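Structural description and commentary
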Amino acid sequence: MNKFTNYFIAILLVNILVILSALFIEFFLKIKPCILCIYQRYPYYIIALLSLIYFLKKDLKILLILLIILTSLASIILSTYHVGIETGLIEETTSCKTSLNNNLSKDAILKQLESNLASSCKEVSFKLFGFSLASINIILSLILTTIYYKIYLWMKKNA
């Protein structure tokens, strides 16, 4: 096994770990994600998929790592936008707001609240070490993007 393969295995495993962590928080800790929390998972899914493609098309390694870097940059932008909403620096969009139908009875409203109503993007329903998950995602995405870029530079030098 060469170093290129090891890097793509590591990238795949890290992204799977992040995805599993988000799913654990949602399904085992019963923390309902907002729509932006769900969207922030997509770059990790895409990067995992790109990592898997490497094993089918090893000659595309430079292109794949560049796509991984771009996807990771999108993750930074998306999580920064989410933190902007959480802190009130950016206005929450209508797709993020939790709303109820005003024409419902009290019982119907209670039933709707008990259903799978997504939480507002502005509300921080889960913190780790005092940071919202969107804040942690910014930090993690910055670290991973830096690592991916260093891998890219190494690959260009050793390709």
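Provided above is the structure to which this section pertains.
Source: prediction; values computed, not measured. (Residues numbered from 1 in each chain as written. Predicted model: local features only at pLDDT ≥ 70, side-chain atom pairs only at ≥ 80, totals over all residues. Heavy atoms only, no water.)

**Describing the packing of aromatic side chains**
Aromatic rings in a pair are described by how distant their centres are and how their planes are angled relative to each other. Stated formally: Here a pair means two rings of Phe, Tyr or Trp (six-membered ring of Trp) with centres within 6.5 Å. Their orientation is stacked below 30 degrees between planes, edge-to-face above 60, and tilted elsewhere. Only when the NZ atom of a Lys or the CZ atom of an Arg is both within 6 Å of the ring centre and within 35 degrees of the ring normal do we say a charge sits over the ring.
All chains considered together, the criterion is met by 8 aromatic pairs. Feature note: the residues Phe4, Tyr7 and Trp154 constitute an aromatic cluster, connected by ring pairs. The ring of Phe4 has Lys61 sitting right over it, with the charged end atom 4.8 Å from the ring centre.

**A word on empty space enclosed by the protein**
Using the following cut-off: A cavity, in this analysis, means grid points on a 1 Å lattice covering only the protein atoms where a 1.4 Å probe fits yet has no way out; a pocket is instead an open set bounded by protein on both sides within 12 Å along at least five of seven lines, and a residue lines either one if it has an atom within 4 Å of a point. Grid points are joined across faces, edges and corners, and a volume is the space filled by probe spheres set on the points. Every helix listed is a DSSP run of H or I at least four residues long, and every strand listed is a run of E at least two residues long, numbered separately from the N terminus. Under this grouping Gly is polar, as are all residues other than the nonpolar Ala, Val, Leu, Ile, Met, Phe, Trp, Tyr, Cys and Pro and the charged Asp, Glu, Lys and Arg.
Tallied over the full model, the rule gives 1 cavity of 30 Å³ or more. Volume-wise, the largest cavity comes out at about 30 Å³. Surrounding the largest cavity, Asn15, Pro43, Tyr44, Ile47, Ser72, Ser75, Ser141, Leu144 and Tyr148 form its lining. Only α3 (42-56), α4 (61-87) and α6 (133-158) provide two or more residues apiece to the lining of the largest cavity. Considered class by class, the residues forming the lining of the largest cavity number 5 nonpolar, 4 polar and no charged.

**Looking at the state of the cysteines**
Put simply, the test is: When two cysteine sulfur atoms lie within 2.5 Å, the pair is treated as a disulfide.
Inspection of the entire model under this criterion finds 0 disulfides. Cys34 takes part in no disulfide bond, and the closest cysteine sulfur, belonging to Cys37, lies 3.3 Å away.

**Focus on the layout of surface pockets**
Counted as a void, the largest pocket has a volume near 550 Å³. Ala22, Ile25, Leu133, Ala134 and Asn137 are the residues nearest the centre of the largest pocket, which is lined by 28 residues in total. Elements that contribute at least two residues to the lining of the largest pocket include exactly α1 (3-27), α4 and α6. At 6 residues, α1 tops the list of elements feeding residues into the lining of the largest pocket. Within the lining of the largest pocket, the residues separate by chemical class into 16 nonpolar, 7 polar and 5 charged.

**What about the nonpolar core?**
Formally: Remark: nonpolar core denotes a set of buried residues (Ala, Val, Leu, Ile, Met, Phe, Trp, Tyr, Cys) joined through side-chain atoms within 4.5 Å. Categorising residues by exposure relies on relative accessible area from a 1.4 Å probe, with only protein chains included: less than 20% of the type maximum marks a residue as buried, more than 50% marks it as exposed, and the intermediate range marks it as partly exposed. The contact criterion used throughout is that any non-hydrogen atoms of two residues lie within 4.5 Å.
Judged by nonpolar contacts, the single largest core of 18 residues is most densely connected at Phe8, Ile11, Ile65, Ile68, Tyr148 and Met155. Of all the secondary-structure elements, those providing two or more residues to this core are α1, α3, α4 and α6. Excluding residues that lie within four positions of it along the chain, Met155 makes contacts with Phe4, Phe8, Lys61, Ile62 and Ile65. One finds Cys34, Leu36, Ile85 and Cys96 within the second-largest nonpolar core, a separate group that totals 5 residues.

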